[in-house]
Amino acid sequence: SQTIHQWPATLVQPVGSPLSLECTVEGTSNPNLYWYRQAAGRGLQLLFYSVGIGQISSEVPQNLSASRPQDRQFILSSKKLLLSDSGFYLCAWERADTQYFGPGTRLTVL
Amino acid sequence: AQSVTQLDSQVPVFEEAPVELRCNYSSSVSVYLFWYVQYPNQGLQLLLKYLSGSTLVESINGFEAEFNKSQTSFHLRKPSVHISDTAEYFCAVSPMIKAAGNKLTFGGGTRVLVKP
């Protein structure tokens, strides 16, 4: 069976610090992968998606970037965090036109 | 482009009472439809989905939703709720035909609070 992991589960970072969130999927190969952000009062927003290694599509211009160095690994990064980057970050993988979500990372930028 | 409207942001309901969560969508192309549930501080769990076939779909824990193409709706219902159904519910759509990636568009969510 397939499982999806995200870490860390929670993170508190100062403004201006770097960020790296990791997502890995087990039990499948070459999945489509997605990063979403859930911010208070703003619903769920698609940030990036990837259909293969090194292939990243950005949905919203922002302070964040994504990379896919391996088939089942998806990384969300920032060089300098902003207060507005606070939120709940969710990674998802896709099978048969359906997306399945990871447990999420709660990021608080102070 | 697609848009999804969940008409109720919060729904309080008593235990063992029925509940209906409304979802309407707008799209210029045919779509797949989904309901996800989110418990506090957790990720989204797929509750049920409509991809094709029967317009009435059911989940293993008693929820059902009906796809109504003419009304562009996908309302979620449960005849008798439990305390454990307290959560936030998200309706989402994605286009059937996609160039690359399968972009989900979410509604704003409906918080269900089940009272004893």
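Parameters at a glance
- Residues numbered from 1 in each chain as written.
- Chains lettered and ligands numbered in written order.
- Predicted model: local features only at pLDDT ≥ 70, side-chain atom pairs only at ≥ 80, totals over all residues.
- Heavy atoms only, no water.
- Contact = heavy atoms within 4.5 Å.
- Buried area = accessible area lost by both parts, 1.4 Å probe.
- Salt bridge = Lys/Arg side-chain N within 4 Å of Asp/Glu carboxyl O.
- Helix = DSSP H or I, 4+ residues; strand = E, 2+ residues; numbered from the N terminus.
- Nonpolar A, V, L, I, M, F, W, Y, C, P; charged D, E, K, R; others polar.
- Buried < 20%, exposed > 50% of the residue type's maximum accessible area, 1.4 Å probe, protein only.
- 1 Å grid on protein atoms, 1.4 Å probe; cavity = no way out; pocket = protein on both sides within 12 Å on 5 of 7 lines; lining within 4 Å.
- Points joined across faces, edges and corners; volume = space filled by probe spheres on them.

## Here we look at the interface of chain B and chain A
Part 1 of the argument: Between chain B and chain A, the contact holds 19 residues from the first and 21 residues from the second.
Part 2 of the argument: A per-residue breakdown of the area chain B buries against chain A is headed by B:Leu44, B:Asn102 and B:Lys103, which together make up 28% of the total.
Part 3 of the argument: If you look at where chain B meets chain A, you find 1 salt bridge.
Part 4 of the argument: When the shortest N-O distance is used, the salt bridge between B:Lys103 and A:Glu59 registers 3.3 Å.
Part 5 of the argument: Those elements giving two or more residues to the side of chain B that touches chain A turn out to be β5 (31-38) and β6 (44-50) of chain B.
Part 6 of the argument: Each residue belonging to the side of chain B that touches chain A can be placed in one class, and the counts come to 10 nonpolar, 6 polar and 3 charged.

## Description of the pattern of salt bridges
Residue and element names in this part refer to chain A.
Part 1 of the argument: Per the stated rule, a full pass over the model turns up 7 salt bridges over all chains.
Part 2 of the argument: We note a salt bridge from Arg 37 to Asp 85, for which the minimum N-O separation is 3.6 Å. With Arg 37 in strand β4 (residues 32-39) and Asp 85 in the loop between β8 (73-78) and β9 (87-95), the pair connects residues that are 48 residues apart, well separated along the chain.
Part 3 of the argument: Under the relative-accessibility criterion, Asp 85 is labelled buried at 3%.

## What to know about the layout of surface pockets
Where empty space is left in the structure can be found by rolling a water-sized probe over the atoms.
Part 1 of the argument: In this structure, the largest pocket encloses a volume near 420 Å³.
Part 2 of the argument: Considering the residues around the largest pocket, the lining is formed by 20 residues, among which A:Gln38, B:Gln38, B:Glu88, B:Phe90 and B:Arg111 are closest to the centre.
Part 3 of the argument: Of all the secondary structure elements, the ones that give two or more residues to the lining of the largest pocket are β4 of chain A together with β10 (87-95) and β12 (110-115) of chain B.
Part 4 of the argument: Estimates place the volume of the second largest pocket at around 170 Å³.
Part 5 of the argument: Lining the second largest pocket are B:Tyr25, B:Ser27, B:Val29, B:Ser30, B:Val31, B:Tyr50, B:Phe67, B:Lys69, B:Thr72 and B:Met96.
Part 6 of the argument: For the lining of the second largest pocket, the class distribution of residues is 6 nonpolar, 3 polar and 1 charged.

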